[in-house]
Amino acid sequence: MKLDATSTQPRDITPPATHRLSMTTVLILAAASGLSVANIYYAQPLLDLIARDLALPVASTGLVVTLTQIGYALGLILAVPLGDLIDPRRVAVGQSMLSVVALVVVGTAQTEHVLLAGMLAVGFFAVIVQVLVAFAATLSAPNERGKAVGLVTSGIVIGILAARFVSGVIADLGGWRSVYLASAGMTLVMAITLFCVLPRHRPRHDGTSYLSVLRSIPAPFINDPVVRLRGILALLIFAAFSTLWTSLVLPLSVEPFELNHTQIGLFGLIGMAGATAAASAGTLTDKGFGGRTTSVALAFLLASWGLIALLPQSTLALVAGIVLLDFAVQAVHVTNQSIIFAIYPNARSRLVGGYMCFYSAGSAIGAIASTATFATAGWRGVSLLGAGFSAMALMVWVLSLRRGSTRRAVTCLAVNPAPSTPSN
């Protein structure tokens, strides 16, 4: 089925087969997603330990993180869309097993080249998280889809925020290699669990080839105003998110705080409170409140920077700002995915792959801009930068609401999801 490029309404409606997901299965998907995405972020507080152990030159140290992110970006485009062609259960279990191999390679690497190749593979296979998000949406009943997506997404955010703290603690106890070897063991258990609990599901791809699937990824983001809007919002909110979390270590590691990495990692655990609460955004979207949820969350995102900017005068205000920011970002993120999944139920894997490219671009922009801004304008400059990204997101949303057709589509699609497949 095709979607008319000039309309948000599909040309025909054929409800897809759905299966009710038990809460236990949803929580397993959330835990598996959190464990998988954490593999991308373990290295960030361990770079000095890895460099000393393998005698890495300074120029190669940054490649450890960069290659992991490059691998993840490649996986979004090349691996995630397989879920629209092959049983997502097979894709998830297969990627998990290959992830185990990659983690063991990293944990036992004795040379720079082996380490960097392993990190590239770790990032590539970490995209299992997006396969699981799309699978949760596919297996959920329409009136429960947002709730399932919200819970799985919360697992992802918890994995991201907890990874740095957990890796620092494990490395203090057993060295940096133990972080990756422990994750390999847990990932193996996860693969076996997914194999046992996930149902088989045959995608409705109508003989579509892999290359056709890849070529179709940009179409919804070019032709569909609702999907395009949600992609732009993703880029801006994650630019704001990355602005905070990339640069937060800079003021906290110097006077008057002089916190170590483990102590700074605790702020990530604080942020989990807001991220977990945002799971309710999916339930609200299921009830048709996706537009209102987006409006309130974007207003909260902008307001959070007023609290964050009070550092170093008030760490309590910083904590409140972190919780509010994480809540707002994840609420919009969950709502975005719930709405676009409702539009293209037969292309969710490729859709989430394309959507997460906006996420990655926003994260990269925020990371680069925030560190450069801190060097020239300090924490106040970083706060203004984050507020700027947030204000841009709110402005884009308000302007979209002035176009009545977009507003109706955003509200109604959550209530009456209509299947469609993006044009090739």
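Our structure is the block above this text.
If you're wondering where the values come from, they're calculated on a predicted model, not measured in any experiment.

Rules behind the numbers
Counting starts from 1 at the beginning of each chain's written sequence and moves along it residue by residue. Per-residue local features are limited, in this predicted model, to residues with pLDDT of at least 70; the limit for side-chain atom pairs, both in listing and counting, is 80 or more; totals at the level of whole chains, interfaces and linings are taken over all residues. Just so you know, side-chain values use all the structure's heavy atoms and leave hydrogens and water out. Note on aromatic pairs: the rings of Phe, Tyr and Trp (six-membered ring only in Trp) are paired at centre separations within 6.5 Å, and the planes decide the class, stacked below 30 degrees, edge-to-face beyond 60, tilted for the rest. By definition, any uninterrupted DSSP run of H or I lasting at least four residues is a helix, any uninterrupted run of E lasting at least two residues is a strand, and each is numbered from the N terminus. Remark: exposure states derive from per-residue accessible area (1.4 Å probe, protein chains only) relative to the maximum for the residue type, with buried under 20%, exposed over 50%, and partly exposed in between. Remark: nonpolar core denotes a set of buried residues (Ala, Val, Leu, Ile, Met, Phe, Trp, Tyr, Cys) joined through side-chain atoms within 4.5 Å. Here a residue-residue contact requires only that any non-hydrogen atoms of the pair lie within 4.5 Å. Each axis is a line fitted through C-alpha atoms, and for a helix only the stretch in contact is used; angles between axes span 0 to 180 degrees, taken between their N-to-C directions. In this scheme, roughly parallel covers angles under 35 degrees and roughly antiparallel covers those over 145, while 65 to 115 is roughly perpendicular and the rest are oblique. By definition, turning the near helix anticlockwise from the far helix through less than a right angle yields a left-handed crossing, and turning it clockwise yields a right-handed one. Residue type decides the class: Asp, Glu, Lys and Arg count as charged, Ala, Val, Leu, Ile, Met, Phe, Trp, Tyr, Cys and Pro as nonpolar, and the leftover types, Gly among them, as polar.

Draft legend 1. Geometry of the packing of aromatic side chains. On inspection of all chains with the given rule, the structure shows eight aromatic pairs. Measuring from ring centre to ring centre gives 5.9 Å for F238 and F241, while their planes differ by 70 degrees; the resulting arrangement is edge-to-face. Highlighted residues: F238 and F241, both in helix α11 (residues 225-247), separated by three residues, approximately one helical turn. Here F238 matches F241 in class, with each residue buried. Of the aromatic side chains, those joined through ring pairs into one cluster are F238, F241, W245 and Y359.

Draft legend 2. Just the nonpolar core, in detail. Ranked by internal contacts, the top residues of the largest apolar core, which has 116 residues, are L115, Y180, L194, L244, W245, L248 and L325. The element contributing the most residues to this core is α11, with 13 residues. When neighbours within four sequence positions are excluded, L115 is seen to be in contact with I50, L54, L56, V64, V106, A109 and W176.

Draft legend 3. The arrangement of the packing of helix α4 (residues 88-108) against helix α8 (residues 176-197) in detail. Running from amino to carboxyl end, α4 crosses α8 at an angle of 165 degrees, the nearest separation of the two axes being 8 Å. Put simply, α4 runs roughly antiparallel to α8. The handedness of the crossing between α4 and α8 is left-handed. Residues R89, A92, V93, S96, M97, S99, V100, L103, V104, V106, G107 and T108 of α4 lie in contact with α8, whose contacting residues are W176, R177, Y180, L181, S183, A184, T187, L188, M190, A191, L194 and F195. Along the lines of polarity and charge, the residues of the contact of α4 with α8 split into 16 nonpolar, six polar and two charged.

Function cannot be inferred from these measures alone, as they are strictly geometric.
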